[in-house]
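Now for the letters of each chain:
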Amino acid sequence: MEAVEGEKKGGVVLQGRYEIGRVLGRGNFGRVHVARDLRTGKSVAMKVVTKEKVVRAGMVEQIMREIGVMKRVSHPNIVELHEVMATRTKIYLALELVRGGELFGRIVRLGRVREDVARHYFRQLISAVDFCHSRGVYHRDLKPENLLLDEAGNLKVVDFGLSALADHARADGLLHTLCGTPGYTAPEVLRDKGYDGAKADLWSCGVILYVLLAGSLPFADDNIVTMYRKVQRGDYRCPTWLSTDARRLIPRLLDPNPSTRITVPQLVETPWFTKTSISKPISIEPPAADPAPAPACAAQEEGEKDEPETLNAFHLISLSEGFDLSPLFEGDSANGRREGGMLVAPSVLVVDVKKDGGDTLEYRSFCSEQLRPALQDIVWAATDPPGTAAV
Ligand code: ADP
């Protein structure tokens, strides 16, 4: 691919397509910038991940999983991943831009939120979580910092860095990796004897609901061991100002026993969840207008010189199917040297696309409306049964 990073009106342009602007936030492996897609004029959030930092932290698999998961889930309350680009040293994720800030910031400002406002966010959270679970994805790090708000006051889940897929479960059907954020992590995850990812996410949703309604964490202590003990015992107090329905629901979410903890189908039938809201919280402050793109972007600051490269169709297939994202961490990513798929000639690869779960109609329309059109320039023969693309 040709070198296309350059300057435009003092700002850095990535691959001739994204004009990089101000920093929105800092992640573990790099910054998140506002960027303008010059093809559409629309703004995106460009997450810049420095490969070296990821490799040094031993988290290659985690970041690849995050990208794979975000490609797998598309839902109005989950931040959308538009495009992935990679250079020799960096990965660029063009994400849906969410302008209302973190839900956490709102709680910090307001102390706590009204019950009908909390219900609005909580319903959207459960909708996103339930959708992920139906796709075999467990977030495992749900907390207010990972919940952003758009201008209309809608909640968007971000940061799938720790998420797990159902197929990562061991033979006992349970997940075994210890992860999450103290204070939001379910007791069975801390016990490390295997856990059901869906139930563990529901516990975190319970902590989030408590934080929204009470303005403080249910399990807090300066001493982390004491805090973990409280988590194990489900030792917390519900504030007296909560409604009876809320006081009934919270213990069912913060039930230390995952087998008796409430499930999503039970949750969505509870009086607190189904209650008609009086008002919709759309009082998010108007976003600051995107300033002219700042001259500095992470790539430039850190001496980025190599060529950005949009993932080709092979990579996209691996993103949505097998999660083989190894090309992201290879210098020469377009030579067809990869496992999975059959290498016919250095430039020809046969890829067999099959559905291994999920909705058949959705899969068929994905094949006919997205996959085939996206591959039309490189499809060599496509006379096979629906869903099999010869590339
Ligand atoms: P990490 O996973 O490395 O912690 P995050 O994805 O949490 O990084 O991003 C860091 C910060 O960047 C977030 O806390 C948020 O403030 C901001 N951010 C991330 N994604 C977006 C987005 N899509 N729109 C707006 N801001 C975002």
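Residues numbered from 1 in each chain as written. Predicted model: local features only at pLDDT ≥ 70, side-chain atom pairs only at ≥ 80, totals over all residues. Heavy atoms only, no water.

Engineer: Any details on the site of the ligand? Residues and values, ideally.
Structural biologist: In the vicinity of the ligand lie 16 residues, with N28, K47, E96, E102 and D159 positioned nearest. Within the contact set of the ligand, an oxygen atom lies 2.9 Å away from a side-chain nitrogen or oxygen of K47. Taking E96, its main chain carries an N or O atom lying 2.8 Å from a nitrogen atom of the ligand. Surface burial for the ligand is 88%, taken as the share of its 550 Å² of free accessible area covered by protein chains. Only strand 3 (18-26), strand 5 (43-50) and strand 7 (90-96) provide two or more residues apiece to the shell around the ligand. Among the elements that take part in the shell around the ligand, strand 3 stands out by supplying three residues, more than any other. Looking at side-chain class alone, the shell around the ligand contains eight nonpolar, three polar and five charged residues. (Near = heavy atom within 4 Å. Polar contact = N/O pair within 3.5 Å; in protein donor to acceptor, adjacent residues only side chain to side chain. Areas by Shrake-Rupley, 256 points an atom, 1.4 Å probe, with all protein chains shown as cover. Helix = DSSP H or I, 4+ residues; strand = E, 2+ residues; numbered from the N terminus. Nonpolar A, V, L, I, M, F, W, Y, C, P; charged D, E, K, R; others polar.)

Engineer: Can you explain the packing of aromatic side chains? Please cite residues and give values.
Structural biologist: Enumeration according to the criterion identifies five aromatic pairs in this entry. Seen in terms of ring centroids, F219 and Y236 are 5.6 Å apart; in terms of plane orientation they differ by 75 degrees. Their pairing is edge-to-face. Placement of the pair is F219 in the loop between helix 6 (197-214) and helix 7 (224-233) and Y236 in the loop between helix 7 and helix 8 (244-253), with a sequence separation of 17 residues. An identical accessibility class is assigned to F219 and Y236; each is buried. Among the aromatic residues, those joined into a cluster by ring pairs are W203, Y210, F219 and Y236. (Phe/Tyr/Trp six-rings, centres within 6.5 Å; stacked < 30°, edge-to-face > 60°. Buried < 20%, exposed > 50% of the residue type's maximum accessible area, 1.4 Å probe, protein only.)

Engineer: Requested: an account of the side chain of S204, with residues and values cited.
Structural biologist: Here S204 shows up in helix 6. Residue classification places S204 among the buried positions, given a relative accessible area of 5%. Setting aside anything within four residues of it in sequence, one finds S204 in contact with L142 and Y184. (Contact = heavy atoms within 4.5 Å.)

Engineer: Now, about the pairing of strand 7: what can you tell me, with residues and values included?
Structural biologist: Judged by how many residues are buried, strand 7 sits mostly within the fold: seven of seven residues are covered. The pairing of strand 5 with strand 7 spans seven bridges and is classified as antiparallel. Looking across to strand 7, one finds that V49 is bridged to I91. Where strand 6 (residues 81-86) hands over to strand 7, the hairpin turn is made up of three residues, counted between the paired strands. (Pairing = 2+ DSSP bridges.)

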